[in-house]
Amino acid sequence: MHPARSVIAFTTLSGAGFGVLFWLGLGLPDVTGWVAFAFFAVAYALAAGGLLASTFHLGHPERAWKAFSQWRSSWLSREGVASVAALVVMGVYGAALVFLDTRIAPLGWLGAALALATVYTTSMIYAQMRTVPRWKTPLTPVLFIAVSLAGGALLAGQVTAAMALLAVAGLVQVLWWMRGDGALAASGTDMATATGLGGIGHVRAFAPPHTGSNYLLREFVFVVGRKHAAKLRMIALALGYALPLVLLALPFSHAAAALAAISHLVGIAVSRWLFFAEAEHVVGLYYGAR
Amino acid sequence: MTQQPRIDTSPHVSDEVRKTTCYMCACRCGINVHMKGGKVAYIEGNRDHPVNKGVLCAKGSAGIMQVNAPSRLRAPLKRVGPRGSGEFEEISWDEALQIACDWLAPIRKSDPSKLAFFTGRDQSQSFTSYWAQNFGTPNYAAHGGFCSVNMAAAGIYTMGGAFWEFGQPDWDHTKLFMLFGVAEDHDSNPIKMGIGKIKARGARVIGVNPIRSGYNAVADDWVGITPGTDGLFILSLIHELMRAGKIDLDYLARYTNAPVLVNADPDSPEHGLFLRDTDGKPTVIDRNTGKLTAFDTPGVRPDLGATHEVDGITHRPVMHLMAERYLDPQYAPEAVADRCGVTPDKIRRIAAEIARVAFEEEITLDHEWTDFRGETHKTMTGRPVSFHAMRGISAHSNGFQTARALHVLQIILGTVEVPGGFRFKPPYPKPVSAHPTPHCKSAPNSPLDGPHLGFVRGPEDLALKEDGSPARIDKAFTWENPMSAHGLMHMVISNAHAGDPYKIDTLFMYMANMSWNSSMNTSGVMDMLTDTDETGEYVIPHIIYSDAYSSEMVAYADLILPDTTYLERHDCISLLDRPICEADAAADAIRWPVVEPDRPGHAGVRGFQTVLVQLANKLKLPGFTTEDGTPRYTDYADYIVNHERKPGIGPLTGFRGNGDDVGRGAPNPAQLDRYIENGGFFVSHIPEGAHYYKPWNMAYQDWAVGMGIFDTPQPYIFDLYAEPMRRFQLAAEGYGDRQPPDHLRDRIKSTMDPLPIWYPPLEDDSIDTEEFPIHALTQRPMAMYHSWGTQNAWLRQIHGENPLYLPTKLWEKHGFAEGDWARVTSPHGEITVPVAHMAALNENTVWTWNAIGKRKGAWALSEDAPEATRGFLLNHLIHELLPEKGDGLRWSNSDPITGQAAWFDLRVKIEKTAAPQEAQPAFPPIKSPVGQGPANLAWKVGK
Amino acid sequence: MTTLPTSTTRKLGLVIDLDTCVGCHACVVSCKGWNTENYGAPLSDQDPYGADPSGTFLNRVHSYEVQPLATSAMPHPAAQLVHFPKSCLHCEDAPCVTVCPTGASYKRVEDGIVLVNESDCIGCGLCAWACPYGAREMDAAEGVMKKCTLCVDRIYNDNLPEEDRVPACVRTCPAGARHFGDLGNPDSDVSKLVAERDGMDLMPEQGTKPVNQYLPPRPRDTLDEVDVLAPLLDPVAEEPKGFLGWLDRTLERL
C-alpha cells in the first residue's frame, strides 16, 4: 500500500489524541481548570488534527459530512460517528472540568469508552480488509488500541501505566509483524487464484495492461526492500517503545517526558509508515508484484 | 428497503451518427461517428459494414484522440533551418503549391524521371499512380516493397490471389486453421472475428510463429519455429502428405497446372517451359482420349501421370516434377527438424492432423455449379483446412518462395476456393494474365507509357532502359529482383543518394516515415537526406512531404503539404485498389468529412489527394485537364465521382448512372450522397452457386464481368509450377536476348525455381552466424498495428515503451534480471535497450514491439516521453544493403525475386550491460512545428 | 445505501473467454471512449503527451505466461500466454459497497450492478482498498471513484437500437471473447456457457462471490502429447518412382 503522509499522520496523531482523551475521561490525571485545558488542548490537537489530516487525501473533503450516514455497514462511517461522539462528549466533560471545575464522571467514562471505540473503528477499517492479509487480523485492533492507550498514558503523564502499556504494545507490535510477514502466503490468495490459471501451471505476469503507471499501482503496489524494512522496524521499536521506556524509567523530568512523548510519536509514525508500506494488497498479484 | 439513487438509464447518445471508414490502420472498418454539438463524441463499429460487422479494435475506438491530437499539422511549412532541424515557417497554400510547381514543372519538361514519388500508407494507390503516370515519372510505388510484396506476389503468381485483404478462410466451415508468421496484423479485425468464430465451434487453431503472442496465444497448438525456416517446414509437410498420398488428385487434375506438360530436355532452349498448342495454351493429356489437348478444352480430363514426346523431346506433367522434388529425403522431417527448431515427430503429427481433417472430415454443400470446361457439378466438395500467413514468413529474403510453398501446400490438399478452405475476395481471383505488366518508358512532357506496377511474365517485361540499366530509381523489375510487383520504397533514398542508377531532383513522399521507423538503417537515411555535395547543395535537392501529423520525417523535408485527419477528408476504398470485399460480396467504401478540417489561426490543411489534383491542374497534367487546358476535377471528391478508368468504370461501383447501376455505369453526381446514406459503403453480393470454386465457376466469372472486374471471363488454373520464373532461369542459363549481368546469373538460377524451394536467408551467407546466432524480430502490438504514430493519448498509455523480449535460454545464460538492459549488436549496428523475459518464445529469437520508439521533439510529445527515452527501434540494426562482398556492388537486403525488404533476416548478438540514461542510440531533439500537447485531458464534448 | 441487497432480481454480468481473448485491448479503449463521454465524470488523463502518461481506465487487459508442469505424456510442455481482461466483477458480496462511508457505492437491487453515485463520493478510496480485483480507479481530475457500470446507460437505453443495448466492451470485442447476460438465470446463454466451459470465479477465497465469470483456456498443445492416439501417416511410396506408380494406380481407380 502507498504510505500516504495524511493517513500516517492521521492514525499516529489521532490514535495518541484519543488515547489521551481515554485517560482524561477516566480522570487520570485528575485535573481541572487551566491544567485540564492544557491536557485537553493537546488531546484535541492530536485527535482533531489527525482527523483533519485524514481529510487531505479525500477527493471531495467538502462532502465529508456525508460519511456519517453509513454507520450500519461502514467502519469508516462508524469511525466518523464515534470520533465526533467522543469529541462532543469529551468536549462537554472537558468544558465542565475547565470552566466549572466539575468532573462529571459518568460522562468521562462514556467519553473514554467512545475514545477507545474510535480507535477501534479506525483499526477495523484496516482489520476488515481481506484484500490486505497483513491487516486482516484481530491483532490489528489490539495493536492500535495498545498503542493508543500507551501513547495516551505517556502524554497523560500516567508513568506506570505508560511503562506497562508500552511494553505490551511493543510486544503486540512484534507479534503483529511476525504474523504479518506470513500473512499473504497464509491467505490462500496468490497469482493462481487471482487468475484462475493455476491449474495449468506456474503463472507469471508477462506484461502489464499499460506500460505507464496507474492509480492501482500508485495506491496499492508499493515495494519496500527487506533490509530497509528491517532497519525501519528497529527504529520504530527503539523510538516508539524502548527509548520512551528508558526515559520513563529515569528520574522524572519534564524534558525527559517530552522527549519520551516525541520519541514515541516518531516511532509510531515510522511503524505506521511500515504498516502501509509493507502491506501487500492482493491486487498487486495481478501485476506480478510479490 | 434501501433507497437507491435514481439514474437516467436512457441518456441522449448523440445528435447524429455519421458513418464513414476508419483509417487508424489498413483494415478499413466501417465506423459510426457519434456527433454532439458538431464535435466527435464517440466512435464505434458499424454493424452493417462488411469488414467489421460492428466490432472495432482499440485503435478504431481511439480515433477520437486522433482528431484532437496536438501533433496535427496546421499549415503548409517551408523549411528555414537546415534539413533535420525541424525549423520551418508557416506559409499559405498558394505559396506552397507554387513552390511545388516551381520544382516539378521544369522536371516534367526535361526529364520526368527526376521525380521520385512514393506514397507510404497510401489507400488511394489507383489515384496516386494515375497522377504519377500522368506526370510521366517511372518512379512511383507505395509501401508494399518494404511491407509485404512477397505475400501478394507469391499469391498472384501461384493462384491469382493472396492472403490478407485479398482472401479469407471460410470461417463458417473450416475445422482446422493454420496461421503462419509473426506480426499479427493484416487483416486485423476480420482475423479476430474469424478466430472467435472457429473458437466458438471448438475447431483447432495451429499457430506457426517463433513468438506465442496474440493469435498464437489462443492457438490450440503452437509451433515455435526458427525465423526464416517456415518454407522448409512447409516443404516437409508437403513431403509427408505426398509420401502418404494425402493429396487431392481430382482437384489437382482439374484446377491446377499439375497435369500440364513441361519440356523435360535439359538441352532444349525451352527446357522447363510448357508445351503449348498453336493458340499458346498449355497442354495436357486427356485421360478420356489419351490425346494432347489444351488444358481448358471442354470435357477434358487432364491426366496427372501421362508424359508426351514431341520431336524427340519428352514432356512431363508438373506432377512428376513435384514428386521428384518433394519426395526427396532432404525434405524429410528428420532432415529439416534441427534447422526449423521443430521435432520430426511434431511435423509428422501436424501433417497427419491436416490430412485427417482434409480427407476424413470432408464437407459437401448442395450447390450446383458449372465449371469453365462446361461440366456441371451437383455439389461442392470442401476440405475444411484453411491457412493464413502474416508478414513474418514473407519479410525474409526467401519469403517469396516460402509464401509460394504455403500456397502449394493448400493447393495439393484441394482446399483453395472450396467450402472450409481459403476463399478469394473480389476482384480476386485474378490470374497473372489479367494483371498489367510494368511500364517505365518516360519522355519529356509526356505521360508514362502505362501503369508503373505489374506482374512480369518474363525478361521482356523488365523495367530496363535500352542500355540494360534500371529504368526505375528503386531498381524494381530488374535482374536484381525481377518480380518486384510493389516497387522497392526502402531503396529509393539510398539509391537516390548514391546516384545509382541515376540522380534525381525531387523526392515527393506521402505518409512514409523514412527518417524513422519506415526505413532500414534509420541513422544512415538521416545522413543521406541531409548530405550535401561538393557545392554545398543537398545531394537530394528537393524533398516534398505530406503528412497529417508532426512525424519524424517532417523535419527532413523542404516543403510540407499538411494532410487532414481521416475524419476530415474524402477517400474511396476502391475495387481498382485494395477494396473491402468479402468472399461472398464485392464492396467498396468512402470516407467523407464528418468534421470539417479546422486549424484556427493557421492556413489549414487539405486532403493530400485534393492537393495532388490541384498540383495536376497547375501543371496541366494530361488525364487531369481537358484538351483546352481546363481542369477536369476540382478536388478528390470530384475525381472519385467523375473519373472513368474505362467507360462506365470508375473508382466506386455503387450507385452509378441514375443511381441504380452497379459496377458499370455513367458517373452519378449524387454518388457520394448515396454512399453516405448507405452508411459509407456499398455491397454487391455474389449470386448463389458462385460462392466457391470462383476461378473455374462460370457463374462467378459472369458476375465479375457484369461488375466490371473483367471485360471477359478469365478462368484459369493454379500455377503450382510458375513458368514466368523458369523464363528468368533460362535467361540466366544464357537463352534469349535480354541477358542478366554475369554476377547475378547464379543467384537467378538458384532462387528463381519454378517449383517452391527453400534456401537460407541471404544475409546468412555474408555474416558469421556463429558470432550472430540470435534472430531478432519486430511486430506491432494489436493496439497499434499499422496506426500512424503513437501520439494517441489513450493508446500510448498501453504501449509507451518496448522491452526486448528474450527467451528463457538467453535470459538465463546472460544472467538477466527484471530491469536489466542489453547491448544488441548486428553486423551493421548496435543498440542498448531494456530487456524482459518471455518463455513462450523460440529459444534463439528475441523480439520487440515495432515503432514505439520516437525521436525527441516529434509527435508533439515531450522530450522526456518514454517513447523517446526507453522506446527503441530495431531499424538501427538493419541495413538496406547486405554487408559488402568486396565486388564493388551494392547488394540490397531484399528478396532476390521480389525485392521485399528482408527485415526479419536480422541476426544479432546480445550482452548484458549497465543501464544507460536512455536507450541508445539517442538523437538530438528536433524542433516541433506544432509545440507540445496539453498537460491534462478530459475529452467530454457533451453536456 | 451501502448495505448490500439480500438478493437481486437479476445478476447481470460478463463472461470472459480466456480461450479466445487475443489481447487486442479493443474492449479497453471502447470502454474508455464510452465512459469518457457518458455516465458521470469523464475518464481523465494526466500528462497524456508527457513522460508519465496516466489515466483512468475501467477495464484493463493483463497478460500472463503460464508454464505447465512436465508430465510423462508431455515431457517438455511449451509455455502458454493468456490475455486477461479485467474490470468490475459486480460481486454478490461486494466489499467495496459495504465499506463506503457515504452510501455513494451501491449494488442495484434490480440487476446487481455495482455503481458509484458520484455526487455522494468523497473520494476516500476505501472501496478501491476493499476490492481485491483492482476494479476501481480514482479519477485524478475529478476526485471521485470510477468503475465499470456494466454500461448501465447503454443496456436499458431507449435511444440505442435494441441490439446495441450491451456494454460497449461486449459490442466491440472483435474475437467475441466477451459475453453479457443474466448469470442469475440458469437458462440464459451466459449461464449455459459457464456450465459448458467450467466458468470460474477469480479469487474465490476472498468470498466476494463475483458475478462475472471467466472461461478457462482449453487445453493447449495436445498434438504434443506422446500417448495421443492420433495415427501418423502411412507412406504409399518412399521415392518418386514409387509415388508415380501409386499415382497411376490411383488414377486408374478414379
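A few points on the structure.

Rules used in this analysis
Residues numbered from 1 in each chain as written. Chains lettered and ligands numbered in written order. Predicted model: local features only at pLDDT ≥ 70, side-chain atom pairs only at ≥ 80, totals over all residues. Helix = DSSP H or I, 4+ residues; strand = E, 2+ residues; numbered from the N terminus. Expected span 1.5 Å × (residues − 1). Bend = angle between axes of the 7 residues up to and from the residue. Buried ≥ 20, exposed ≤ 12 C-beta atoms within 10 Å, placed from the backbone. Contact = placed C-beta atoms within 7 Å. Nonpolar A, V, L, I, M, F, W, Y, C, P; charged D, E, K, R; others polar. Pairing = 2+ DSSP bridges. Axes fitted to C-alpha atoms, helices over the stretch in contact; angles between N-to-C directions.

## Structural notes on helix α10 (residues 226-249) of chain A
Residue and element names in this part refer to chain A.
At step 1: With 24 residues, α10 extends 33 Å from end C-alpha to end C-alpha; this agrees with the ideal 34 Å at 1.5 Å per step.
At step 2: Along α10, the sharpest change in direction is near 40° and occurs at A238.
At step 3: Of the positions making up α10, those classed as buried are A236, L239, G240, Y241, P244, L245 and L247.
At step 4: Next to the buried residues of α10 lie α5 (139-155), α6 (159-181) and α11 (254-277).

## Some remarks on the interface of chain C and chain B
At step 1: Contact residues are listed per partner, giving 81 residues for chain C and 90 residues for chain B.
At step 2: The set of elements that each furnish at least two residues to the side of chain C that touches chain B consists of α1 (26-37), β2 (45-46), β3 (54-55), β4 (60-68), β5 (80-86), α4 (152-155), α5 (168-172) and α7 (240-253) of chain C.
At step 3: At 9 residues, the largest contribution of residues to the side of chain C that touches chain B is made by α1(C).
At step 4: Each residue belonging to the side of chain C that touches chain B can be placed in one class, and the counts come to 41 nonpolar, 23 polar and 17 charged.

## Quick look at the sheet that holds strand β1 (residues 201-207) of chain A
Strands pair in a sheet through their backbones, by hydrogen bonds, and they do so in one of two ways: parallel or antiparallel.
At step 1: Pairing in this open sheet of 3 strands is antiparallel, and the strands run β1(A)-β4(C)-β5(C) from one edge to the other. The strands lining the two open edges of the sheet, one partner per strand, are β1 of chain A together with β5 of chain C. If you compare each strand with its neighbour and ignore which way they point, the axes differ by 35° on average.
At step 2: In terms of strand pairing, β1(A) meets β4(C) through 6 bridges, oriented antiparallel. Within β4(C), the residue paired with A:A207 across the bridge is C:S63.

## Considerations on the sheet that holds strand β26 (residues 571-573) of chain B
Residue and element names in this part refer to chain B.
At step 1: One open sheet accounts for 3 strands, arranged β26-β27-β28; its pairing is antiparallel. Every interior strand has two partners, whereas the edge strands, β26 and β28 (681-685), have only one. Strand-to-strand twist across the sheet, computed as the mean angle between neighbouring axes with direction ignored, equals 10°.
At step 2: One ladder, built from 5 bridges, connects strand β27 (residues 585-591) with β28; its direction is antiparallel. Paired with D588 across the two strands is F682, which belongs to β28.

## Notes on the pairing of β4(C)
Consecutive side chains of a regular strand alternate in pointing toward one face of the sheet and then the other.
Residues and elements named next belong to chain C.
At step 1: Most of β4 sits out of view: 7 of its 9 residues are buried.
At step 2: Here β4 pairs with β5 via 7 bridges, running antiparallel. Bridge assignment links H62 to a residue of β5, and that residue is F84.

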